[in-house]
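Here are the chains, one letter per residue:
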Protein chains: 2
Amino acid sequence: MEEKDTDVRKEFSDFLEKENAIRTALTLFDWDNETLAPEAASWRTAKAYGVLAAAYQELFCGEELGTLLWRIREEGSRSPLEKALALRTERERDKLVSIPQEEYRRFSELTAVSVQRWSMAKKQNDFAAFAPTLEELLDMQRRFASYRAKEGQTPYDVLLSDYEEGFTEKKLDGFFGELGRGLLPLVQEVTQKNKKQPVSCDFLFQSYDVEKQRHWNKWLAAYLGFQFSRGVLAESEHPFTTSLHKDDVRITTHYYKNNLESAIFSTIHEAGHGIFEQGNSEALTQTILGGGSCGVHESQSRFYENMLGRSRAFWTPIYGRLQRSFPEQLGDIPLDVFIRAINRSEPGLIRTEADELTYCLHIMIRYELEKRLFSGQLSVKELEQEWNKWYEEYLGVTPKTAGEGVLQDIHWAMGEFGYFPSYALGNAMAAQLYAYMDRELNIEKLLQAGELLSVSEYLREHIHRFGASKGMEELLSEITGEGLNAKYYIEYLQGKYT
Amino acid sequence: MEEKDTDVRKEFSDFLEKENAIRTALTLFDWDNETLAPEAASWRTAKAYGVLAAAYQELFCGEELGTLLWRIREEGSRSPLEKALALRTERERDKLVSIPQEEYRRFSELTAVSVQRWSMAKKQNDFAAFAPTLEELLDMQRRFASYRAKEGQTPYDVLLSDYEEGFTEKKLDGFFGELGRGLLPLVQEVTQKNKKQPVSCDFLFQSYDVEKQRHWNKWLAAYLGFQFSRGVLAESEHPFTTSLHKDDVRITTHYYKNNLESAIFSTIHEAGHGIFEQGNSEALTQTILGGGSCGVHESQSRFYENMLGRSRAFWTPIYGRLQRSFPEQLGDIPLDVFIRAINRSEPGLIRTEADELTYCLHIMIRYELEKRLFSGQLSVKELEQEWNKWYEEYLGVTPKTAGEGVLQDIHWAMGEFGYFPSYALGNAMAAQLYAYMDRELNIEKLLQAGELLSVSEYLREHIHRFGASKGMEELLSEITGEGLNAKYYIEYLQGKYT
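Residues numbered from 1 in each chain as written. Chains lettered and ligands numbered in written order. Predicted model: local features only at pLDDT ≥ 70, side-chain atom pairs only at ≥ 80, totals over all residues. Heavy atoms only, no water.

**Q** Help me get a handle on the overall build of chain A, residues and values and all.
**A** Counting secondary structure elements, chain A contains 22 helices and three strands. Computed over C-alpha atoms, the radius of gyration of chain A comes to 23 Å, within 12% of the 23 Å expected from 2.2 N^0.38 for 498 residues, which places it in the range of a compact globule. Its C-alpha atoms put chain A at 75 × 50 × 45 Å along the principal axes. For chain A, the proportion of its 498 residues judged to be buried stands at 60%. Within chain A, counting contacts between residues at least 6 apart in sequence, those at least 24 apart form 74% of the total. Counting only carbon and sulfur atoms, one obtains 49% of the accessible surface of chain A, whose full area is about 20300 Å². (Helix = DSSP H or I, 4+ residues; strand = E, 2+ residues; numbered from the N terminus. Rg over C-alpha atoms; globule rule 2.2 N^0.38 Å. Buried < 20%, exposed > 50% of the residue type's maximum accessible area, 1.4 Å probe, protein only. Contact = heavy atoms within 4.5 Å. Areas by Shrake-Rupley, 256 points an atom, 1.4 Å probe, with all protein chains shown as cover.)

**Q** I'd like a description of the interface of chain B and chain A, backed by residues and values.
**A** Each partner contributes to the interface: chain B provides 39 residues, whereas chain A provides 39 residues. Between chain B and chain A we count eight salt bridges in total. Applying the counting rule to chain B against chain A returns 16 residue pairs in polar contact (both at pLDDT 80 or more). At the level of secondary structure, the elements contributing two or more residues to the side of chain B that touches chain A comprise helix H1 (2-35), helix H2 (42-61), strand S1 (231-235), strand S2 (241-245) and strand S3 (248-253) of chain B. For the side of chain B that touches chain A, the element with the highest residue contribution is H1 of chain B, accounting for ten residues. Tallied by class, residues from the side of chain B that touches chain A come to 17 nonpolar, eight polar and 14 charged. (Salt bridge = Lys/Arg side-chain N within 4 Å of Asp/Glu carboxyl O. Polar contact = N/O pair within 3.5 Å; in protein donor to acceptor, adjacent residues only side chain to side chain. Nonpolar A, V, L, I, M, F, W, Y, C, P; charged D, E, K, R; others polar.)

**Q** So what's going on with the nonpolar core? Residues and values would help.
**A** The biggest cluster of nonpolar side chains holds 338 residues, and the ones touching the most others in it are Phe303 and Trp315 of chain A together with Phe303 and Trp315 of chain B. Here Trp315 of chain B is in contact with Trp216, Ile264, Phe265, Gly309, Leu322, Leu335, Phe338, Ile339 and Ile342 of chain B, once residues within four sequence places are set aside. (Core = buried A, V, L, I, M, F, W, Y, C linked by side-chain atoms within 4.5 Å.)

**Q** I'd like a description of the sheet that holds strand S1 (residues 231-235) of chain A, backed by residues and values.
**A** All names here are of chain A. With mixed pairing, three strands are arranged side by side in an open sheet as S1-S3-S2. With partners counted over all chains shown, the strands left at the sheet margins are S1 and strand S2 (241-245), one partner each. Across the sheet, the mean angle from the axis of one strand to that of its neighbour is 20 degrees, orientation sign disregarded. Taken strand by strand, helix H10 (residues 260-278) contacts S1, S2 and strand S3 (248-253), and its axis lies near 165 degrees from that of S3. (Pairing = 2+ DSSP bridges. Axes fitted to C-alpha atoms, helices over the stretch in contact; angles between N-to-C directions.)

**Q** Summarise the packing of aromatic side chains; cite the residues concerned and give the values.
**A** Scanning the entire structure with this criterion turns up 68 aromatic pairs over all chains. Aromatic pair Phe12 of chain A and Phe15 of chain A: ring centres 6.2 Å apart, planes at 10 degrees, arrangement stacked. Linking Phe12 of chain A with Phe15 of chain A, this pair stays in helix H1 (residues 2-35), spanning three residues, or about one helical turn. Both residues of the pair, Phe12 of chain A and Phe15 of chain A, count as buried. With a centroid separation of 5.2 Å and 90 degrees between ring planes, the pair formed by Phe15 of chain B and Phe60 of chain B is classed as edge-to-face. Linking Phe15 of chain B in helix H1 with Phe60 of chain B in helix H2, this pair joins segments that are 45 residues apart in sequence. Seen from the ring of Phe466 of chain A, Lys470 of chain A lies directly overhead, with NZ or CZ sitting 3.9 Å from the centre. Above the face of the Phe228 of chain B ring, Lys218 of chain B is positioned so that its terminal group lies 4.9 Å from the ring centre. (Phe/Tyr/Trp six-rings, centres within 6.5 Å; stacked < 30°, edge-to-face > 60°. Lys NZ or Arg CZ within 6 Å of the ring centre and 35° of its normal.)

**Q** Can you tell me about helix H2 (residues 42-61) of chain A, naming the residues and giving the values?
**A** Look at H2 of chain A: 27 Å from first C-alpha to last across 20 residues, which is about the 28 Å you get at 1.5 Å a residue. Where burial is concerned, most of H2 of chain A is hidden: 14 out of the 20 residues are buried. (Expected span 1.5 Å × (residues − 1).)

**Q** Kindly report on the pairing of S3 of chain B, identifying the contributing residues and their values.
**A** Residue and element names in this part refer to chain B. Of all six residues in S3, six are buried, a share of seventy percent or more. By the alternation rule, side chains of S3 split into Asp248, Arg250 and Thr252 and Val249, Ile251 and Thr253, which are all buried. Relative to S3, S1 runs parallel, the two sharing five bridges. If you follow Ala234 over to S3, its bridge partner there is Thr252. Inspection of the sheet shows S2 paired to S3 by four bridges, in the antiparallel sense. Looking at the pairing, Thr242 lines up with Arg250 of S3. Counted along the chain from S2 to the antiparallel partner S3, the turn is two residues long.

**Q** Could you give me a rundown of the pattern of salt bridges, with the residues and numbers involved?
**A** Within this structure, the stated rule accounts for 77 salt bridges over all chains. Of the charged contacts, one joins Arg372 of chain B and Glu368 of chain B as a salt bridge, the two residues approaching to 2.8 Å between their closest N and O atoms. Taken together, the residues span about one helical turn, with Arg372 of chain B and Glu368 of chain B both in helix H16 (residues 356-375) at a distance of four residues. When its relative accessible area of 14% is taken as the criterion, Glu368 of chain B is described as buried. Salt bridges linked by common partners bring Arg44 of chain A together with Arg230, Lys246, Asp247 and Glu282 of chain B together as one network.

**Q** An account of the sheet that holds S2 of chain B is requested, with residue identities and associated values reported.
**A** Residues and elements named next belong to chain B. Strand order in the open sheet formed by three strands is S1-S3-S2, with mixed pairing between adjacent strands. Two strands close off the open sheet at either side, each with one partner strand: S1 and S2. When strand polarity is set aside, the average angle formed by the axes of neighbouring strands in this sheet is 20 degrees. On top of the sheet, helix H10 (residues 260-278) reaches S1, S2 and S3; it is set at about 165 degrees to S3, its chief contact.

**Q** Describe a negative patch on the surface, and please don't skip the residues or the numbers.
**A** Residue and element names in this part refer to chain A. Residues Asp7, Glu11, Glu63 and Glu64 make up a contiguous surface patch of negative charge. Contributing elements (two or more residues each) for the negative patch: H1 and helix H3 (63-75). If you trace the backbone, Asp7 turns up in helix H1. You can call Asp7 partly exposed: its relative accessible area is 39%. (Patch = residues over 30% accessible without salt bridge, like charges linked within 9 Å, V, L, I, M, F, W, Y side chains within 5 Å. Lys, Arg positive; Asp, Glu negative; His and termini not counted. Charge placed at Lys NZ, Arg CZ, Asp CG, Glu CD.)

**Q** Now, about the relation of the copies chain B and chain A: what can you tell me, with residues and values included?
**A** Overlay of chain B on chain A (RMSD 0.0 Å): rotation 180 degrees, translation along the axis 0.0 Å. In the structure described here, the two chain copies are related by an operation that fits a two-fold rotation axis. Relative to the rotation axis, the closest C-alpha in chain B is found at Ala25 of chain B, a distance of 3.1 Å. Comparing interface residues between copies, 100% of those in chain B also lie at the interface in chain A; the contact surface is shared. (Least-squares fit on C-alpha atoms with pLDDT ≥ 70 in both.)

**Q** Which residues make up the packing of helix H6 (residues 127-148) of chain A against helix H17 (residues 380-395) of chain A, and what are the values?
**A** For any two helices packed against each other, one specifies the inter-axial angle together with the distance between the axes. Residues and elements named next belong to chain A. In the contact formed by H6 and H17, the axes pass within 9 Å of each other and the chain directions differ by 120 degrees. Remark: the crossing between H6 and H17 carries right-handed chirality. Of the residues in H17, those in contact with Phe127, Ala131, Leu134, Glu135 and Leu138 of H6 are Val380, Leu383 and Glu384. For the contact of H6 with H17, a count of residues per class yields six nonpolar, no polar and two charged. (Left-handed = near helix turned anticlockwise from the far one by under 90°.)

**Q** Hey, could you go over the side chain of Lys371 of chain B for me, with residue numbers and the actual values?
**A** All names here are of chain B. Assignment of secondary structure puts Lys371 in helix H16. Relative accessible area serves as the criterion here: at 15%, Lys371 is assigned to the buried category. At a separation of 2.8 Å, a polar atom in the side chain of Lys371 contacts the side chain of Asp173.

**Q** Tell me about the packing of helix H7 (residues 155-163) of chain A against helix H16 (residues 356-375) of chain A, and please be specific about residues and values.
**A** Residue and element names in this part refer to chain A. Two numbers describe how H7 lies on H16: the axes approach to 8 Å, and their chain directions differ by 135 degrees. By the angle between their axes, H7 is oblique relative to H16. Residues Pro155, Tyr156 and Leu159 of H7 lie in contact with H16, whose contacting residues are Tyr367, Glu370, Lys371 and Phe374. Residue classes in the contact of H7 with H16 are distributed as five nonpolar, no polar and two charged. (Parallel < 35°, antiparallel > 145°, perpendicular 65-115°, else oblique.)

Shape is all these values report; function is a separate question.
This is the structure we're talking about:
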């Protein structure tokens, strides 16, 4: 009995080691593909990637793992950690077992080339060039999701729940409904006010030397608490964060010569993700429970980007440094003018550059479109036109090109549908979190004193160290005593913009 | 029978796909580790790396592959390519089967951290800090080699033959003996002459803006024929080349603010390797026969670096461009003075910065030391002292620190022993090649006209496309009608320096 038990542990730990090795390799390929790999490389590299992804699926689908998980259940787990690992393994197994091998491999290979196709189509503003790939990705994901859908679940529900457990169309319809009722009138009001009194922000769009921006953003990430001995800041078309483990966390940003703001807020956003990953616990990193759920992840990035990064208190100790780096452009701009500029609200076309107030409208559009694509109400062919219609309606702007419209985001090109709502959930969680945290910490005072580490320390203690072992609802209940509640976010925006 | 045959092909192609996938992933980890990975990452990443390396070994060591190879032999190969792939697989299998799994994994994990330990020790000029790791690597490699040694082979022979098939201590003793007899008196003569008439080269060591160097070297690599749509030029402590396949070839260089020459010749050298890899044939890339043997690889890098890159004809059409990039430093320096400076000979401490004349002396020292380390005549403890003694004797210089002495090269830190001779063999092959090529092409004329592509076209046709499917002796016989012959190299140097 004793011996059998030891066998089980050994087998499970062997499985976890292999799982980690292949996943880490796939992560590195993805990173490399988006940051450095040469243009013509991807279709060949995709072959190797596809084989590894197939090996990953195989690892989960074998009879042996089924038996092993059954034995762990029968014998009882030795620790809460083991239990959590077994549960997560089981969930992943259920997911992978349901997809036929050939289809899974085909999907993996496709995602290894689709990003470059998207990138090319985006450069050329040619949605039609990317549409067939998108259609294929959508078909596959819809089919995969339908294999897994349980009684009462739509395929889209399946994906939503992958990114943040327990979330469904129904729940999100409610959430976005509440958000819409709170935000849409506020946006109109603010937009009207701005037309009368436009906020000056031209100075953010002068010529800013890219090399100097690089230095400044690197300093900024470190100031926020991102540790460079255990991480890197690189560049990519679309800023993102990934990690091989807690001691190898990679964030990217994107520099534009005529835009100081873009790289700064991308850096702060991704540093928020990165600090989360670096704060994972010893026990969870390099396991299937490292990282974090998507909604919680976005709560951290948006917390850093908006709650902290757009506040006056945050900039008080460091604005002088920014001025010294760009004296010609900012020397005569007082802190207050800078703060107003980075907090201006103006309905625009680009999600990643949207202000806090209009940001969720971008998400609501994507949510409505994804829902319709999955239910079959909307076809990929009609997508660009439909996209533009919603933008006109919600934000009063119309994309002139596919690049600033339907092709702007990388997510669909990576085969990720159902991810976007995480951003809105993250925003809401961030506001709720701030309200509670502030009672304990006095965040403004800490920011004014440049004590960013006290903030990240709190987040590490209450959120980061749990990695993906706790979802949004669980963490919020523990910290705030209630589940996700949109009212904090609405109140926060109302307070800020009126 | 027909069906069985199809099975064999399918199984072998599945094996080759998996082999390629894991090898490609390991290559990417190595690349990443040396170019980008954060300082504290390597020991954790090494776990994933170790698991993948073990999977690679397992893939080769199973009964199934043995049976499969036996069946291919029995049934006869369908094509010369299949035969070559099967033979190479068999050779690799013999090698991997001989090493116990646990030891192989331990070695793989060690090499994933040893480079960073070396890099740290080098920075701190502390050989003692690295010596235990080096000893462990040496012990393992010696043991692995002894497992594989056939009748009459020394363990060191086994490694020499891994890098360039058919080469042994005995053969190399002869080669280096001839080289030494030709070079040592020449070096003394030139050194004496230089003492009387020193070559002016201070201008190469003024302050050169690194960003401008970056631009210039990128242009230079493209000029040489390195294709950036299928490759990248990055930076690392120790310049090197690697590739995921022919359409993803990665070379690095290293910039120094006070040294223009270093990055330029590293770039040319690595571009030589890179052009080789990019020239691999469609059929061989992404197989175990992609890439190229080490000696042949070094012949290409040294061919570009020295035969082409240090010639007057090469610089004639492009020196003006270099002057325009660095007008303050080079505006007043005529081409002739520049050419003399980059061809000066001066015994120095650093192999990678050695001139053509003294370069092989650096290799001969490493060869003698490796031979003694493997035979047990020399211990790692005595290595630094012994290194310094040989430098004093062969080159008349003594390292003041370990960084400019025994710790200067990355190879041993990667567990690579027996590689160094490839450089000398490569030099000799390059000279022999040049002598024959020149009869067909008139290389000087092509260089003067900036027609580098005609040169790479010739090399692709006669060398590159064969990847690792042909070794040095075979290629040389085909092109020059004789095996490797040191006399071309000695004559070339005598002609150049007297």
